[in-house]
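Structural features, examined
The lines below spell out each chain.
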Amino acid sequence: MARTGGRRIPRADDGPLGSAVARARAGDEAAFGVVYRALHPMLLGYVRALVGGDDADDVTSDAWHDIVRDLHGFHGDGAAFRGWAATIARHRALDHLRRAGSRPRTTALEGAHVEQEAPDSAGVALENLSTARALDLIAALPRDQAEAVLLRVVLGLSGPAAAEVLGKRPGAVRTAAYRGLRRLAERIAGPGAEPGLPGDVRGGTGAGAAPAGEV
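A brief look at the structure comes next. Everything quoted here is computed from the prediction, not taken from an experiment.

Across all of its chains, the model carries seven salt bridges by this definition. We note a salt bridge from Arg-92 to Asp-66, for which the minimum N-O separation is 2.5 Å. Of the two residues, Arg-92 sits in helix 4 (residues 78-100) while Asp-66 sits in helix 3 (residues 53-70), which places them 26 residues apart along the sequence. Exposure remark for Arg-92: the relative accessible area of 23% places this residue in the partly exposed category. For Asp-66, a relative accessible area of 7% puts it in the buried group. Across the salt bridge formed by Asp-95 and Arg-98, the nearest N and O atoms sit 2.3 Å from each other. Residue Asp-95 and its partner Arg-98 are both found in helix 4; the two are separated by three residues, about one turn of the helix. If you follow the salt bridges from partner to partner, you end up with Asp-66, Arg-69, Asp-70, Arg-92, Asp-95 and Arg-98 in one network.

Per the stated rule, a full pass over the model turns up five aromatic pairs. Note on Phe-74 and Trp-84: the rings are 5.2 Å apart at their centroids and 35° apart in plane angle, and the pair reads as tilted. One end of the pair, Phe-74, is in the loop between helix 3 and helix 4; the other, Trp-84, is in helix 4, with ten residues separating them in the sequence. Using a relative accessible area of 6% as the deciding quantity, one classes Phe-74 as buried.

Criteria and thresholds
Residues numbered from 1 in each chain as written. Predicted model: local features only at pLDDT ≥ 70, side-chain atom pairs only at ≥ 80, totals over all residues. Heavy atoms only, no water. Salt bridge = Lys/Arg side-chain N within 4 Å of Asp/Glu carboxyl O. Helix = DSSP H or I, 4+ residues; strand = E, 2+ residues; numbered from the N terminus. Buried < 20%, exposed > 50% of the residue type's maximum accessible area, 1.4 Å probe, protein only. Phe/Tyr/Trp six-rings, centres within 6.5 Å; stacked < 30°, edge-to-face > 60°.

Here it is as structure tokens:
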């Protein structure tokens, strides 16, 4: 998972992913396999948080169908590809929900701004959980927070890129990610623990604590 702090830390696989995407566009099937293996777990986790576990596999397969169909028209690096693929997956998930007569959970977000960025230490705590457990915790968040955390932490998108996927302002996405990670940190800490971020970042002490001024 990529951490979310004041600036997105480029993922180590952005370069190889971008190279594999370029080769896949040229018809290299082995390269497409590299792309699929790198991105599928992230997209499946994102879709699962939107539509639930029963339908996530089918919806993600639909998204991959569209990705393959439109790959020739994509231009960009590995980071841009992750954002493009996430947009396609989100559209397929929302189409599925509309057909099923379901509505995503929403919370008032536009116009509410939190100046702090989503703290890195909460992302570190998620990295220490199993992937399945982390996704279960994220999926239990209000939908705007779940999507922001998934896009920022799991898919590693920058704030503006995540905002473009969601059709929201970057400040609104930062707010949702920050609130979502704080709520996750409280759940990870467990019952009876003082609410706060892992390592008590408010005081800047403890394992995983963020340096003063980062939160």
